[in-house]
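Tertiary structure, described
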Amino acid sequence: MKIILIGYMGSGKTTLAKALATTKKIPFIDLDDYIATQEKISVQNIFATKGEIYFRKKEAFYLQQLLNREDNFILSLGGGTPCFGNNMLLIQQAFNTLSIYLKYSPHSLYQRLEKEKGRPLLKGVKREDLEEFISKHLFERAPFYHQATYTVIMDGLTLEESLQQLLKIMNSSHPHFL
Ligand code: S3P
């Protein structure tokens, strides 16, 4: 089975996917890292030199490639992946695949993102505008995120608590998981 973690930038998709993969002893793939490895250029550099539309085409291409694979893995997506093209539909229709939305409030996301630098989409956003930017952006993206098979409310959870919630979902939806 493939487990796909979905959520806004800063929602800990990669960290949780790694923790889940270690606990369950199955491979972990981060879509941004996968794109960078395949394209031999960092995601930041793709945005800077080729632009977002080029990135979105590559993102959709590699997502489909991964969904078509027959092996099992935990996959963390980029924050925008479910929101472009027919990516969310492909995820929903993929064989033996379960998606989980890691849901944070805009304020929690602001707190998690305010000290971060280097995310291409937040580059031009001033610190004082960041919370409002996140609120509006999340509002636009939420309809896509909510198409995930499961949603976990993440506000206030420790890493261990959120890991337990994910394990519970995996075990209940597929008791003999691997
Ligand atoms: C993006 C999120 C990033 C990365 C790219 C675009 C987005 O991934 O894919 O910068 O559109 O939200 P993270 O969610 O891992 O930061």
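Overview of the structure. These numbers were taken from a predicted model, which means no experiment stands behind them. (Residues numbered from 1 in each chain as written. Predicted model: local features only at pLDDT ≥ 70, side-chain atom pairs only at ≥ 80, totals over all residues. Heavy atoms only, no water.)

1. Concerning the packing of helix α1 (residues 13–24) against helix α8 (residues 159–173)
Where α1 contacts α8, the axes come no closer than 10 Å and their chain directions differ by 60°. Comparing the axis directions of α1 and α8 gives the class oblique. For the crossing formed where α1 meets α8, the hand is right-handed. Listed contacts from α8 to T15, L16, A19, L20, T23 and K24 of α1 are L159, S162, L163, L166, L167, M170 and N171. Grouping the constituent residues of the contact of α1 with α8 by class yields eight nonpolar, four polar and one charged. (Axes fitted to C-alpha atoms, helices over the stretch in contact; angles between N-to-C directions. Helix = DSSP H or I, 4+ residues; strand = E, 2+ residues; numbered from the N terminus. Parallel < 35°, antiparallel > 145°, perpendicular 65-115°, else oblique. Left-handed = near helix turned anticlockwise from the far one by under 90°. Contact = heavy atoms within 4.5 Å. Nonpolar A, V, L, I, M, F, W, Y, C, P; charged D, E, K, R; others polar.)

2. Details of the packing of aromatic side chains
Counting across every chain of the model gives four aromatic pairs. The interplanar angle of 80° and the centroid separation of 5.7 Å between the aromatic rings of Y34 and Y62 together place this pair among those described as edge-to-face. In this pair, Y34 is assigned in helix α2 (residues 31–39) and Y62 in helix α4 (residues 52–68), connecting sequence segments 28 residues apart. Taken individually, Y34 and Y62 each receive the classification buried, so the pair is uniform in this respect. Between Y101 and Y145, the aromatic rings sit 5.0 Å apart at their centres with planes inclined by 35°, giving tilted as the arrangement. Taken together, the residues Y101 in strand β4 (residues 97–103) and Y145 in helix α7 (residues 130–145) connect sequence positions 44 residues apart. For the pair Y101 and Y145, one class covers both residues: buried. (Phe/Tyr/Trp six-rings, centres within 6.5 Å; stacked < 30°, edge-to-face > 60°. Buried < 20%, exposed > 50% of the residue type's maximum accessible area, 1.4 Å probe, protein only.)

3. Comments concerning unusual backbone geometry
With a phi angle near 55°, K25 is a residue other than glycine that sits in the positive phi range. Assessed through its relative accessible area of 74%, K25 is described here as exposed.

4. A few points about the environment of K25
Relative to the assigned elements, K25 resides in the loop between α1 and β2 (28–30). C-alpha separation for the pair K25 and F73, spaced 48 residues apart in sequence, amounts to 9.5 Å.

5. Remarks on α2
Among the residues making up α2, those that are buried are L31, Y34 and I35. Down the axis of α2, the buried side of the element spans an arc of 100°, and every buried residue falls inside it. Considering only its buried residues, α2 is in contact with β2, α3 (43–50), α4 and β3 (73–76). (Arc of directions from axis to C-beta.)

6. Considerations on the sheet that holds strand β5 (residues 150–153)
Spatially, five strands are ordered β2-β3-β1-β4-β5 in an open sheet, and the strand pairing comes out parallel. Where the open sheet ends on each side, the last strands, each with one partner, are β2 and β5. Each neighbouring strand pair of the sheet contributes to a mean axis angle of 20°, computed without reference to strand direction. (Pairing = 2+ DSSP bridges.)

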